[in-house]
Amino acid sequence: MAVAAPTLPDLPELSELPELPSLATLPKKPMPAGRPRGWYEAHNRQLKAMRLAIALLHTGVYRPEQASNRRIRATAVRIGVHSPSDTTCRAVRSLIHDAANY
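Nothing here was measured: the structure is a model prediction, and the numbers come from that model.

Rules used in this analysis
Think of each chain on its own: its residues are numbered from 1, step by step along the sequence as written. Only residues with pLDDT of at least 70 get local features here, since the model is predicted, and only at 80 or more are side-chain atom pairs given and counted; chain-wide, interface and lining totals rely on the full set of residues. With hydrogens and water excluded, all non-hydrogen atoms of the structure serve as input to the side-chain values. The secondary structure listing takes helices from DSSP runs of H or I that are at least 4 residues long and strands from runs of E that are at least 2 residues long, numbered from the N terminus. Note on exposure labels: buried denotes an accessible area under 20% of the residue type's maximum, exposed denotes more than 50%, and partly exposed covers the range between, all computed with a 1.4 Å probe on protein chains only. In what follows, residue pairs with any heavy atoms lying within 4.5 Å of each other are defined as contacts. What we call a nonpolar core is a set of buried Ala, Val, Leu, Ile, Met, Phe, Trp, Tyr and Cys residues that are connected through their side-chain atoms within 4.5 Å. Within this document, salt bridges are pairs made up of a side-chain nitrogen of Lys or Arg and a carboxyl oxygen of Asp or Glu, the two lying within 4 Å of each other. Working note: the arc is built from the helix axis to C-beta atom directions. When charges are tallied, Lys and Arg are placed among the positive residues and Asp and Glu among the negative ones, while His and the ends of the chain are skipped. Whenever a nitrogen or oxygen atom comes within 3.5 Å of another N or O atom, the pair is scored as a polar contact, on the condition that within protein one atom can donate a hydrogen and the other can accept it, and that pairs from neighbouring residues in sequence are kept only if both atoms are in side chains.

Caption draft 1: Structural view of the overall build of the protein chain. Looking only at helices and strands, the protein chain features three helices and zero strands. For the protein chain, the residues scored as buried account for 17% of the 102 residues in total. Considering only contacts within the protein chain whose residues lie at least 6 apart along the sequence, 65% involve residues at least 24 apart.

Right under this line is the structure:
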């Protein structure tokens, strides 16, 4: 017996969302040489997840269940980063969960 998936609420248009504050960033440093490729991929994924989690927190998303893949990807468009993978979306929710329990 098939169960219908719950419908997701419609997200507001990008023009209707509040403006994100511009945040000062630290200067970039070169990555250390000689690490395996997987290390660089994981490191860059963590950095991207952190940027997305911060942007979501600034827009009022304080609980992981509020951060659907769709909302995370819409936020990525707003802050100018490539659309995140499902793995990165899970990392974003994990960071939001950790921030809520801090």
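Caption draft 2: Structural view of the nonpolar core. Judged by nonpolar contacts, Ala-49, Leu-52, Ala-53, Leu-56, Val-61, Ala-67, Ile-72, Ala-76, Cys-89, Val-92 and Ile-96 together constitute the single largest core of 11 residues. The set of elements that each furnish at least two residues to this core consists of α1 (37-58), α2 (69-79) and α3 (86-100). The residues touching Val-61, leaving out its near neighbours within four places in the chain, are Leu-56, Gln-66, Ala-67, Arg-71 and Ile-96.

Caption draft 3: Molecular detail of the side chain of Thr-75. Considering the arrangement of structural elements, one finds Thr-75 in helix α2. Setting aside residues up to four positions removed in sequence, Thr-75 forms contacts with Leu-52, Ala-55 and Leu-56.

Caption draft 4: Molecular detail of the pattern of salt bridges. Counted by the stated rule, this structure contains three salt bridges. Close ionic contact of Arg-63 with Glu-65 constitutes a salt bridge, the shortest N to O distance being 2.7 Å. Residue class for Glu-65 comes out exposed when judged on its relative accessible area of 59%. Put simply, Asp-86 and Arg-73 hold a salt bridge, and the shortest N to O gap is 2.7 Å. Of this pair, Asp-86 sits in helix α3 while Arg-73 sits in helix α2; the two residues are 13 residues apart in sequence, bridging distant segments of the chain. Judged by relative accessible area, which is 42%, Asp-86 ranks as partly exposed. On the basis of relative accessibility, which here comes to 25%, the residue Arg-73 falls in the partly exposed class.

Caption draft 5: Expanded view of α2. Ile-72, Thr-75 and Ala-76 are the residues of α2 that are buried. Projected down its long axis, α2 carries its buried residues within an arc of 105 degrees, all on one side. For α2, the elements touching its buried residues are α1 and α3. Gly-80 sits one or two residues past α2 and shows a positive phi near 85 degrees.

Caption draft 6: Representation of the side chain of Lys-48 within the structure. Structurally, the position occupied by Lys-48 is in helix α1. No salt bridge is formed by the buried Lys-48. Its closest oppositely charged neighbour is Asp-86, at 11 Å. Looking at Lys-48, its side chain comes within polar contact range of the main-chain oxygen of His-82, at 2.9 Å. Other than its neighbours up to four places away in sequence, Lys-48 contacts Val-81, His-82, Ser-83, Pro-84 and Thr-88.

Function cannot be read off these values alone, since they describe shape.
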